Amino acid sequence: MGEETTMSAELSNKTPDPMDVALGAAVRIRRRTIGMSQEALAEQCGVSFQQIQKYENGANRISFSRLVQIARALRCRVVDLMDVLDTPAGEGDVDLLSRMRTPGALELLSAFERLPQEARSSLVNLLRVMTDPEAGQRARQKEVA
């Protein structure tokens, strides 16, 4: 019984696989893109909204049959959700999808897309300065020179 408890503890402390996280992020992005709530998706799939949260966070793996249900509910094809995982540059795409899980990332991207190009460039420069003070100092030195 001790061995079983140890294995259970190891599994519960295991961090989510990056591919599960990326697939969950793809589901979340698609769901939010079409304006569907977690509750609505859960209802269409016959699970709790907490389960949808776990899928979207990569905490629980999505079985293939559940993925088919989710894709149907999201009015897309299964490959649309998995496509990013099957590209030669998949690792970078997985990282991007993982970053999109950051609270506010989707809202920020949506607002960014609506900005004129000049405002986008200014905002990117502002963020560089805010996140890397040395970059701001280098930019000021270039302006003086």
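Structure: above.
A. How the structure looks around the packing of helix α3 (residues 38-45) against helix α5 (residues 64-73). Closest axis-to-axis distance for the α3/α5 pair is 9 Å, and the angle between their directions is 125 degrees. In this view, α3 runs oblique relative to α5, as classed from their interaxial angle. In the crossing of α3 with α5, the sense of the turn from one axis to the other is right-handed. Contact with α3, carried on its side by Leu-41, Gln-44 and Cys-45, involves Arg-66, Gln-69, Ile-70 and Ala-73 of α5 and no other residues of that element. Of the residues assigned to the contact of α3 with α5, the class counts are 4 nonpolar, 2 polar and 1 charged.

B. Here's a closer look at unusual backbone geometry. Of note, the phi angle at Arg-75 is positive, near 55 degrees, even though the residue is not glycine. Within the element layout of this structure, Arg-75 appears in the loop between α5 and α6 (78-82).

C. Structural view of the nonpolar core. Of all hydrophobic cores here, the largest spans 21 residues; its most connected members are Val-27, Leu-41, Ile-62, Ile-70, Leu-74 and Leu-81. If you list the elements that add at least two residues to this core, you get α2 (18-33), α3, α4 (49-57), α5 and α6. Ranked by the residues each element gives to this core, the list is headed by α5, at 5 residues. With residues up to four places along the chain from it excluded, the contact list for Leu-74 reads Val-27, Arg-30, Arg-31, Ile-34, Met-36, Leu-41 and Leu-81.

D. Layout of a nonpolar patch on the surface. There is a patch of nonpolar side chains on the surface, built from Leu-126, Leu-127 and Met-130 and spanning about 300 Å² of accessible area. Structurally, Leu-127 can be placed in helix α9 (residues 117-131). The class for Leu-127 is partly exposed, based on a relative accessible area of 37%.

E. Main features of the environment of Arg-66. Checked against the element boundaries, Arg-66 lands in helix α5. Distance in space between the C-alpha atoms of Arg-66 and Gly-46 is 9.7 Å, their sequence separation being 20 residues. Setting aside residues no more than four positions away along its own chain, Arg-66 makes contact with Cys-45, Val-47 and Tyr-55.

F. Quick peek at the environment of Lys-54. Within the fold, Lys-54 resides in helix α4. Sequence separation between Lys-54 and Val-21 is 33 residues; the distance between their C-alpha atoms is 9.6 Å. Other than its neighbours up to four places away in sequence, Lys-54 contacts Ala-59 and Asn-60.

G. Structural view of the environment of Thr-131. Structurally, Thr-131 can be placed in helix α9. Of the polar contacts made by the side chain of Thr-131, one reaches the backbone oxygen of Leu-127; its length is 2.8 Å.

H. View of α2. Taking 1.5 Å of rise per residue, 16 residues should cover 22 Å, and α2 covers 22 Å from first to last C-alpha, within 8% of that figure. Of the positions making up α2, those classed as buried are Asp-20, Val-21, Ala-22, Leu-23, Gly-24, Ala-25, Ala-26, Val-27, Arg-28 and Arg-31. Its side-chain oxygen at 2.7 Å from the backbone nitrogen of Met-19, Asp-17 defines the N-terminal cap of α2. At the exit of α2 stands Gly-35, carrying a positive phi of roughly 75 degrees.

So, how was this worked out
- Residues numbered from 1 in each chain as written.
- Predicted model: local features only at pLDDT ≥ 70, side-chain atom pairs only at ≥ 80, totals over all residues.
- Heavy atoms only, no water.
- Axes fitted to C-alpha atoms, helices over the stretch in contact; angles between N-to-C directions.
- Helix = DSSP H or I, 4+ residues; strand = E, 2+ residues; numbered from the N terminus.
- Parallel < 35°, antiparallel > 145°, perpendicular 65-115°, else oblique.
- Left-handed = near helix turned anticlockwise from the far one by under 90°.
- Contact = heavy atoms within 4.5 Å.
- Nonpolar A, V, L, I, M, F, W, Y, C, P; charged D, E, K, R; others polar.
- Core = buried A, V, L, I, M, F, W, Y, C linked by side-chain atoms within 4.5 Å.
- Buried < 20%, exposed > 50% of the residue type's maximum accessible area, 1.4 Å probe, protein only.
- Patch = residues over 30% accessible without salt bridge, like charges linked within 9 Å, V, L, I, M, F, W, Y side chains within 5 Å.
- Areas by Shrake-Rupley, 256 points an atom, 1.4 Å probe, with all protein chains shown as cover.
- Salt bridge = Lys/Arg side-chain N within 4 Å of Asp/Glu carboxyl O.
- Polar contact = N/O pair within 3.5 Å; in protein donor to acceptor, adjacent residues only side chain to side chain.
- Expected span 1.5 Å × (residues − 1).

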